[in-house]
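Residues per chain, in single letters:
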Amino acid sequence: MEPLSIRKYISSLHSIMHRMKRICHGVFILILPILLSCEKSLDLYPKTTYSEATFFASPENFELFANQFYLILPTIGLGDDRDQYSDIVAQWSFNTVSNGSYFPTPTSSVWDDSYATIRNTTYLIQKGDEISPDLKSEVSPFIGEAKFFRAFAYFNLLRDFGGVPIIDEVLDLNDDDLLYGPRKSRDEVLNYIMEDLDDAVDKLPVESVIPENNKGRVSKGAAIAFKARVALFEGTWKKFRGIDGYNELFDEAINASEQVINSGEYEIFDRRDVLGDECYRYFFILDRIQSNVANLTKADQKEYILANRFDNNVRKQPLISVDWTPSPTKKIADMFLCTDGLPISQSPLFQGKLTVASEYENRDLRMKSIFFVPGTQCWEAQPPNESRNWDDPLAGGFILEVIFGSWTRTGYLGSKFNPQVLNSSTDLPVIRYAEILLVNAEALFERNGSITDEVLDLTINKLRERAGIAKLSNDFVTSNGLDMRTEIRRERTIELYMESQRFDDLRRWKTAEIEMPQALKGVLWTGTQYETDPQWSSVVFPLDIDGSIIIEDASQRSFEEKHYLFPLPTRQLLLNPQLEQNPGW
Amino acid sequence: MLLFACFINISASIYSQKFTFEKKSVTIKDILAEIETTSNYKFLYRNDLVDVTREVDLNVRESDIDGVLSKIFDPKENSFKVFEDNLVVITSKNIIQEHRISGTVTDSKGEPLPGVNVVITGTNQGTTTDISGNYSIDVSPEAMSLTFTYIGMETQEITIGTMIQINVTMVEAAIGLQEVVVIGYGTKSKQTLTGAVSLIEDEVLQSRPSAVTTDLLQGISSGIQITRNNTGDIRSSMNGITIRGITSRSAPGVLVVVDGVTQPFTDARALDNINPNDIESISILKDGQAAIYGARAAGGVILVTTKAGRSDKPVINVSATATIQKPSLMRKTLNVLDLYEMQNEGYINDGILSNGFTPVLEYIADNHITLAEVKENNGKHIFTEPWGVPYALGHYEWNDIMFDPSLQQNYNISVSGRKDKLNYYESVNYINQDGMLAYGKNYKKRLLVTLKNDYDINNFLKIRSNFNIGNQKVVEPYGYSINTYNTGVQGALFFVMPTNQPYTKGGRYFSSGFGDPIGYAEATGYTTDILYTINGKLGAEITPFKDLLITAEIASNYNINDIDYAKIGFPTYDLYDNFAMMSTDDPNNGPATAGSELRRTRYTVGNLFAKYSFEKLENHKINLMAGYSHEENDYRGFSAYRQYGLINAQLPTMSAGNADEQYNSETKNDYALNSVYSRLEYGFKNRYLFEGIFRYDGSSKFAEGYKWAPFFGFSGAWIISDESFMSNLKTAIDFLKVRASWGQLGNQSGIDLYDYLSQVYIGGAYPMGPWNSPYQVQYATLGGMASTTRTWETIESINMGIDFMTLSSRLTGSFDYYIKNNRNMFFAQEFPSVLGTEPPSINGAHVRTKGWEMELNWKDKISRLNYFIRLNLSDNKTKVIDLADRITPVQGTNDFIQGYPVYSYFGYEYDGFIQTESELSEYTSSFSSGIPNNLTLGDARYKDLDGDDKLEALVYEEDENGNPADLSGDLVQIGDGGQHYLYGVNLGVSWKNFDFSCFFQGAFKWQVISNVVPCSEFYEPIETYFYHQTWASDRTGVPWPRLSQDGSIKGYNYQYSNAPYKLVNNKYLRLKNIQLGYSLPDKLARRMNLERLRVYLSGTDIWELSNLPGNQDPETPFALRVSPFPRQYSFGIDLTF
């Protein structure tokens, strides 16, 4: 048989077509429904998330969305404590901000995180505008929270970078004007913060009317208090740089702080009656369970205006341990007054530094509370964990010794916020009443150039009383050759130690250029127990002329004009040519 | 949409001739003889069965052959059938229907060949030759011919005719060319392949005793790269697979297709869940030919074909392997004296003359303590420095303490064969692997069962079924592989100091502040990880008429991963046997916890496709295939745990936990793919070959209007050696083919399943409410921005290749060059961060891979010694052409940076050490920022490339005039982390009953960056090779800078910022496997009623040549080095009967 050619194939095609058609039809009938049903099968939707389109229809979801903002609250003492940038603590390795050796980096978490908060808060504010009018009042407090946190984020940017781009809408990828816009001035950013805070004050409830189930949320008082902080910051920033407009800001700070004081919502925690001299230590580690001999709990204080909350059951507070706590420097140690209200250089009560514990005698009670006195008991990480016997404080634990290199760098042991137990429920303050008293005093002093004894009694002396030191008065200052501004600032530095204020204070006072380049020092060595006790015989430190140990020499520290502001992240400069770098960087 | 061919068929034969007879009393024989002379009909009958001497009367006019024959034969007695070539077979009905054919099959040397398949052509009926090469088979009268097949031999078809004895001599097949290669929805002979397809056969896979399929693929074929990912424990170590480099940032993985069924996982799991003994062959689609799997083909396609029954006689195979895993390449850390010396030096260099190490070193010096003395008198000298907890000076080799050789057992049984219309292959595989951990329980047990049954119901319908069930259990100490401080065995072992004694004097777990690795191995509870896999397929092959084959199949794949764990506190004691602490009180370890996790993947795929072959055209060969598939996958993950409460060694269960401390979460998601695919194959004279592929895919991952995309592929080949002008060279060149292909491969991985939608996530925990009894609130967060216009990533692959065979088929080889372009790669365009959120990834970046591959195989024999050499060598380079997000290079490894190869290393340009005071002042004064302010002698120097007095971690860039650009920094590319010039060498020799093979594998160039540095933390051990290799005033010619404990110096952004001393060319050669086997001589085996018995000794990973410092595994360079590397020594036995 001859092989068939293509032509023959084609000629025989039609005879086969009949059979083919049947099969093709059959196959199509089989496939078609599958095709149709499967086209639909490609429309899949998330199973464990909400669609944004429907989420904001209900007011409860505004609260759910606002809850995320609380996560941006700083965790002072747990690592993002800005005192490490300053001159009053020494970190385990030298801090590049503190010693001035840092340089611009491509990215900055302050920049990125703040703008992320700004987007999220703005988003909620925008959703609040879109919600039906009858639900507006119901969501209003959460819009107030969003405004507070937006102001909080802008202030984080302002204090680090100065004027920054203001983003007042939820950006889309084609919003080039804002995405690639220039920096706004300091004043514009400041005004934007103040407007948000004013709005927040209007919308937020007073602390005492916040129902028990909503405790922990931002109150009206918190917004006003934050306003006082911002106004004082910017007021002094301007004043010490000779920029006009500071008095208006001091007025705002005075006004806001007085509103908080007069509201009667907050009070200084002073329970020396039951807690004794170390009342101040226990104040910062109040727990929901027994954490002190008097069985006081977190509910017993009204000093925290806004706190970053922790709870053993919900959000555990990690251990703040001695060996991870930055070591206090000589500067802060020497700053504590003696009980007579005089500095150690002047006070006859000062016991000197002959022994490791002698300098703690007759001093401001806060010194023993926020430092561990060498040779005292520490319960940290020692079992039993959750049931430390506060009736017998000496049960368990270990004696804290000065071990250079493992527990301390400077010889001083920091203890503020150290709950000495694992998994504590202690909260970390974001704004507390003591700061408002200090803002009030400082703003009045800077506004008027003087401060009355009455105001001192209402503010600073409330803190000095708790610290067991003599009252501050105009007479006392004059008769002892002291300086009122120095005393106000001293009070602030001590009271807000490890609360992220010192570095910003030095910058707004414009004293950083003097204070920061000074050497970081530790305990007095020459002629003291350190020198003679064989325990430290192998320890060698460079010493200053007085015999104090030097941790970081002045030659390795610098603070130039440019350091008053952080450099903008360089990646952002590349992406947006309109952004200008801060001077000097 | 669907390409439906117009199917053509032809009728078989043509009845044209007519006969006229008017005869009386004539024998049938005469009539037939007359027909044979007057026409072209031929008659075939057996004299003993058909009586042709009978006389008949015949009177027909213009009758066809049927008419004539029906007159002369009685239909009750005889039947006849006219075949295509006018051959008429006449058979008898009332006598014997079948007759028996027997014979002997031999090879070309005349040796009997056992195990040859003898099948009646066109049926499933058949037998195999016995040990003497004999067979016998009953054939029905319809049977036309017998087909003889044997692996490695040319298939022969012998017409039966009247023969009752058929002896056959089998001829060795020309290597490879006739082999059938699976190419996706069909097969092809190797000769007619038009694309770059690697074929890996059973014999190669079986040459190494491993239970892990991906281990067996390593280095065997060019173009597929298996990277070891040794995390140190059995549970989470998994190989990485890439085919022809990384051409997409979204790491699409590989698509694995097992017997036509696509698998849900795109990583090693898809292969490692298969019993390697079940694999018949693996083909890898490396180029545009993968376009037939369009949507999921971006990372290459691996097609696995499993074994089927081969002969009527059931074949039972039993194999067993025992493997000793020997802990090797152990991390070598400094002994206690050298360690203290180095740590102390680091502090002294920083001006901390007195540190925790100083007093100990002074004591050691004062008392002239030597290492020998330390080892001998462990526990004699007691200190509290430098960790503040009492410890005794001692030296313990913790790696030796923690690891022991372990045993791995592997058993496999398979039964296969053919019985009537049933083809069966059933197997069971069991492995029992003990970990090398010397303490605690650590093992893996796996059972895989395969049931594969094909049933040919009739010529119209064939059923194909395959069922696999797997059950794997891994038990290991809780948190074994977690590498953080004090969280498990590895975490404890990484940080353990040589002074840490294994037990206290009282035999308790010792704690010096560092966890006790033995305690973490024995007493911290266990993780039990169970993996169930259930895969089933049922398919039907329908042949409505000849040449058309319709396949319909549905397969489902369940993967259920069931994990439960308990973290139990164990007490540790100090030097004096006083209770120190519970392990669960360590903040790094956390509270007692018990929990469980369930991860379930349910994958279903349905396939319907038809193939039509135009077989009858002599010079033209056309095959058409078209089909439709639907895949869907849904996943559910659930996890829950409780803490505290009564969780302890007696009650390591979740129920014992505190109900107030319970946490749980759930994840659910799904995706679906719809695809239409088709392929046209055309061959002219079997010499000019062409193939076209079209595929259309829809994915649920994209927004409406962007779901569907077409993918095309074209390839062609020219077999030059078949041309007449090559006939003169035929003796020299046996085979020569050139190939070219172009194809589009789609990718949709690397993006979230639903992120074309804006989503709100719920999660988290924050305390709100009463101060002393707050409740937990969750919070809602916005997902990233949605992309509504994103669509498929398409990789275009161009391949050019050549295949040849020469020197009497002894040398075969191939060479391929390819370019892969990914022009619409997903990328997240970078926006200023004032945007406040992550921008979505969109299409538009461009990455290009260029590479080449070559393979050379030599096979020959010298008298009775057979040997082979197989070589492969390949390389590829991937460059980022366009990536508009312009991610800035950071110091260290950068995977995708515009204008640079993938995995580029960036660092400052190194300028030597600061050796003198003047160099120091010159260097420090030349920078205004960017360098630490406490630099001193022995620190590294870097170049200020852009001359702006700042050392900046931004890439160095020039403007159009060649001057440093405005915002230029000082980083330059100092290396490329890709593996280059990968090679494999396989040698084998067999002589008489012995066989020997060895397999080497390696890379010629692989720059790796060491993240292991001489000065880490004061509480970390240091690798031995750094000792005295760091700068000191009396050691200036060393590779590493001075030691420093200061974070700003030693941090990765300065001292160790990827300067050249951190780069090592990790070129290596490793002996992956060496094996010596002995098979019992046939006669002896026969006497034992065995078909085959082979025993072997094998070594895996037992030797290497490496460039790395310290005792490192070159395949996992500078991995966090905790667990040792296993060298494997095996003994195996393989029985067939």
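Residues numbered from 1 in each chain as written. Chains lettered and ligands numbered in written order. Predicted model: local features only at pLDDT ≥ 70, side-chain atom pairs only at ≥ 80, totals over all residues. Heavy atoms only, no water.

**Looking at the overall build of chain A**
What counts is decided by this rule: Counting from the N terminus, the helices are the DSSP runs of H or I reaching at least four residues and the strands are the DSSP runs of E reaching at least two. For every residue, the accessible area (1.4 Å probe, protein chains only) is compared with the maximum for its type, and the residue is labelled buried under 20%, exposed over 50%, or partly exposed between those bounds. Calculation of accessible area relied on Shrake-Rupley with a 1.4 Å probe; when residues are assessed, cover is drawn exclusively from the protein chains displayed.
For chain A, the count of helices and strands is 23 helices and 11 strands. Here chain A holds 585 residues, and 60% of them are scored as buried. Here chain A has roughly 22300 Å² of accessible surface; of this, 52% comes from carbon and sulfur atoms.

**Structural notes on a nonpolar patch on the surface**
Residues and elements named next belong to chain B. As a reminder of what qualifies: Nonpolar side chains (Val, Leu, Ile, Met, Phe, Trp, Tyr) within 5 Å and like charges within 9 Å form the patches, drawn only from residues with over 30% relative accessible area and no salt bridge. Whenever a carboxyl oxygen of Asp or Glu lies within 4 Å of a side-chain nitrogen of Lys or Arg, that contact is scored as a salt bridge.
There is a patch of nonpolar side chains on the surface, built from Leu451, Phe467, Ile469, Ile534 and Tyr558 and spanning about 370 Å² of accessible area. Among the secondary structure elements, Ile469 is positioned in strand β28 (residues 461-477). A relative accessible area of 35% places Ile469 in the partly exposed class.

**Digging into the pairing of strand β44 (residues 865-882) of chain B**
Each regular strand displays side chains that alternate between the two surfaces of the sheet. All names here are of chain B. Put simply, the rule is: Two strands make a pair as long as DSSP finds a minimum of two bridges between them.
In the sheet, strand β43 (residues 841-862) pairs with β44 via 17 bridges, with the strands oriented antiparallel. Opposite Lys850, over in β44, you have Lys877 as the bridge partner. Connecting β43 to the next strand, β44, in antiparallel fashion are two residues, including Ser863 with a positive phi near 45 degrees. Pairing of β44 with strand β50 (residues 979-991) involves 10 bridges; the strand directions are antiparallel. Bridging across to β50, Leu865 finds its partner in Trp991.

**A word on helix α6 (residues 336-349) of chain B**
Residues and elements named next belong to chain B. Note the cut-off: Expected span, for any helix, means 1.5 Å times one less than how many residues it has. For this analysis, residues touch if any pair of their heavy atoms sits within 4.5 Å. Any pair of N or O atoms that falls within 3.5 Å is considered a polar contact. Within protein, one atom must be able to donate a hydrogen and the other to accept it, and sequence-neighbouring residues count only if both atoms are side-chain atoms.
Relative to the 20 Å expected for 14 residues at 1.5 Å per residue, α6 spans 20 Å between its end C-alpha atoms, a close match to the ideal helical length. With respect to burial, α6 is a largely interior element, 11 of its 14 residues being buried. Within the sequence span of α6, burial applies to Val336, Leu337, Asp338, Leu339, Tyr340, Met342, Gln343, Asn344, Glu345, Gly346 and Tyr347. The inward-facing, buried residues of α6 abut α7 (357-366), α8 (371-376) and β24 (391-392). Between the side-chain oxygen of the N-cap and the backbone nitrogen of Leu337 there are 2.9 Å, and the N-cap of α6 in question is Asn335. Gly351 sits one or two residues past α6 and shows a positive phi near 90 degrees.

**Quick notes on the packing of helix α4 (residues 60-67) of chain A against helix α6 (residues 136-161) of chain A**
Residue and element names in this part refer to chain A. As a reminder, the rule being used: Throughout, an axis means a line fitted to C-alpha atoms (over the contacting stretch in the case of helices), and angles, computed between N-to-C directions, take values from 0 to 180 degrees. The cut-offs work like this: below 35 degrees is roughly parallel, past 145 is roughly antiparallel, 65 to 115 is roughly perpendicular, and the gaps in between are oblique. When the near helix sits turned anticlockwise from the far one by under a right angle, the crossing is termed left-handed; a clockwise turn instead gives a right-handed crossing. Classification convention: Asp, Glu, Lys, Arg as charged; Ala, Val, Leu, Ile, Met, Phe, Trp, Tyr, Cys, Pro as nonpolar; all other residues, Gly among them, as polar.
Following both chains from N to C, one finds α4 and α6 inclined at 15 degrees, their axes separated by 9 Å at the closest point. In terms of axis orientation, α4 runs roughly parallel to α6. In this structure, the crossing between α4 and α6 has a hand that is left-handed. Counting all contacts with α4, which are made through Phe62, Glu63 and Ala66, the residues of α6 involved are Val139, Phe142, Ile143 and Glu145. Looking at the contact of α4 with α6 residue by residue, the class counts come to five nonpolar, no polar and two charged.

**Section: the environment of Gln898 of chain B**
Residue and element names in this part refer to chain B. Within the secondary structure, Gln898 sits in the loop between β45 (892-894) and β46 (904-908). Along the backbone, Gln898 and Asp882 are 16 residues apart, and their C-alpha atoms lie at a distance of 5.6 Å. Within the local environment of Gln898, its side chain forms a polar contact with the backbone nitrogen of Leu883, the two atoms lying 2.9 Å apart.

**Focus: the nonpolar core**
As a reminder, the rule being used: Among buried residues, those of type Ala, Val, Leu, Ile, Met, Phe, Trp, Tyr and Cys that are joined through side-chain atoms within 4.5 Å constitute a nonpolar core.
Membership of the largest hydrophobic core comes to 117 residues, with the highest contact counts inside it found for Trp111, Leu124, Phe148, Tyr154, Ile193 and Ile305 of chain A. It is α6 of chain A that provides the largest number of residues to this core, a total of 14 residues. Once residues lying within four places of it in the same chain are set aside, the contact partners of Ile193 of chain A are Ala151, Tyr154, Phe155, Leu158 and Val230 of chain A. Counting residues in each nonpolar core, the second largest holds 59 residues, with Phe514, Ile914, Ala953 and Ala1003 of chain B among its members.

**Looking at the packing of helix α15 (residues 433-448) of chain A against helix α19 (residues 484-495) of chain A**
All names here are of chain A. Two numbers describe how α15 lies on α19: the axes approach to 10 Å, and their chain directions differ by 160 degrees. Relative to α19, the element α15 is oriented roughly antiparallel. In terms of crossing hand, the pair formed by α15 and α19 is left-handed. In this structure, α15 uses Ala434, Glu435, Leu438, Val439, Ala441, Glu442, Phe445 and Glu446 to contact α19, whose residues at the interface are Met484, Arg485, Ile488, Arg489, Glu491, Arg492 and Glu495.

**Examining the packing of aromatic side chains**
Residues and elements named next belong to chain A. Using the following cut-off: Pairing of aromatic rings covers Phe, Tyr and Trp, the last through its six-membered ring, and needs centres within 6.5 Å; plane angles under 30 degrees mean stacked, over 60 mean edge-to-face, and all others mean tilted.
One pass over the structure, following the stated rule, counts 86 aromatic pairs over all chains. Summarising the aromatic geometry, the rings of Trp525 and Phe541 are spaced 6.1 Å apart at their centres and angled 65 degrees between planes, so their arrangement reads as edge-to-face. Here Phe541 lies in the loop between α22 (529-532) and β11 (548-552) and Trp525 lies in the loop between β10 (520-524) and α22, a separation of 16 residues in the sequence. There is no split in this pair, since Trp525 and Phe541 are both buried. Note on Phe559 and Tyr564: the rings are 4.8 Å apart at their centroids and 75 degrees apart in plane angle, and the pair reads as edge-to-face.

**Examining the interface of chain B and chain A**
Which entries qualify depends on this criterion: As used here, buried area is the combined drop in accessible area, with a 1.4 Å probe, of two parts when they are placed together.
Of the residues lining the interface, 104 residues belong to chain B; the matching set on chain A comes to 104 residues. For the pair chain B and chain A, the summed buried surface comes to about 9600 Å²; carbon and sulfur atoms form 65% of the total. Together, Tyr766, Trp771 and Val834 of chain B form the three largest contributors to the area buried by chain B at its contact with chain A, with a combined 9%. Counting across the chain B and chain A interface gives four salt bridges. Asp670 of chain B is the partner of Lys47 of chain A in a salt bridge, and the nearest nitrogen-oxygen pair spans 3.0 Å. At the boundary of chain B and chain A, one finds 22 residue pairs in polar contact (both at pLDDT 80 or more). Of the residues in the side of chain B that touches chain A, the class split is 60 nonpolar, 28 polar and 16 charged. By the bridge criterion, two bridges tie strand β1 (residues 50-51) of chain A to strand β39 (residues 759-768) of chain B in an arrangement that is antiparallel. Counterpart to Tyr50 of chain A in the pairing with β39 of chain B is Val760 of chain B.

**Quick notes on the pattern of salt bridges**
All names here are of chain A. The full count for this structure, using the stated rule, is 101 salt bridges over all chains. Arg432 is the salt-bridge partner of Glu499, the closest N and O atoms lying 2.7 Å from each other. With Glu499 in the loop between α19 and α20 (502-508) and Arg432 in strand β9 (residues 428-432), this pair connects stretches of sequence that are 67 residues apart. In this structure Arg432 comes out as buried when scored by relative accessible area, which is 1%. Each of Glu303, Asp364, Arg366, Lys416, Arg432, Arg466, Glu491, Glu495 and Glu499 takes part in a single network of salt bridges with overlapping partners.

**Section: the sheet that holds strand β4 (residues 78-82) of chain B**
Residue and element names in this part refer to chain B. Pairing is mixed across the open sheet formed by three strands, whose spatial order is β2-β5-β4. Strand pairing shows two members of the sheet lacking a second neighbour, β2 (42-44) and β4, which therefore form its edges. Each neighbouring strand pair of the sheet contributes to a mean axis angle of 25 degrees, computed without reference to strand direction. When β4 meets strand β5 (residues 87-92), the two strands line up antiparallel, connected through five bridges. If you follow Ser79 over to β5, its bridge partner there is Thr91. Together, β2, β4 and β5 form the strand contacts of helix α2 (residues 65-72), whose direction differs from that of β4 by roughly 165 degrees.

**Topic: the confidence of the model for chain B**
Residue and element names in this part refer to chain B. Cut-off, in case you're wondering: The score called pLDDT rates the predictor's confidence residue by residue, from a low of 0 to a high of 100.
Scored by pLDDT, chain B comes out at a mean of 86, with 96% of its residues at no less than 70. Low confidence marks residues 1-15, where pLDDT is under 50. Its contacts with residues over four positions away, or in another chain, come to 43 contacts. On the interface metric, ipTM, the complex scores 0.90, and its pTM is 0.78.

**Details of the environment of Arg1127 of chain B**
Residue and element names in this part refer to chain B. Summarising the element assignment, Arg1127 is placed in strand β55 (residues 1125-1136). Classification of Arg1127 by relative accessible area gives buried; the value is 11%. Placed 673 residues apart in sequence, Arg1127 and Asp454 show a C-alpha to C-alpha distance of 41 Å. What Arg1127 contacts, discounting residues up to four positions off in sequence, is Ile324, Gln325, Lys326, Ser328, Leu329, Thr1100, Asp1101, Ile1102, Trp1103 and Glu1104. At 2.6 Å, the side chain of Arg1127 forms a polar contact with the side chain of Glu1104.

**Here's the deal with unusual backbone geometry**
Only a minority of non-glycine residues have a phi that is not negative, and only a minority of peptide bonds are not trans. Residue and element names in this part refer to chain B. The backbone of Arg244 sits at a positive phi, close to 55 degrees, despite the residue not being glycine. Secondary-structure assignment places Arg244 in the loop between β17 (240-243) and β18 (255-258). Judged by its relative accessible area of 1%, Arg244 is buried. If you check the backbone angles, Asp949 has positive phi at about 65 degrees while not being a glycine.

**Section: the pairing of strand β7 (residues 117-120) of chain B**
Residue and element names in this part refer to chain B. Because side chains alternate across β7, one face comprises the buried residues Asn117 and Val119, and the other comprises Val118 and Ile120, equally buried. Where β7 meets strand β10 (residues 145-149), four bridges bridge the pair, whose relative direction is antiparallel. Counterpart to Ile120 in the pairing with β10 is Leu146. Looking at chain direction, β7 and strand β8 (residues 126-128) are connected through three bridges and run antiparallel. The residue bridging Val119 from the neighbouring strand is Gly126, located in β8.

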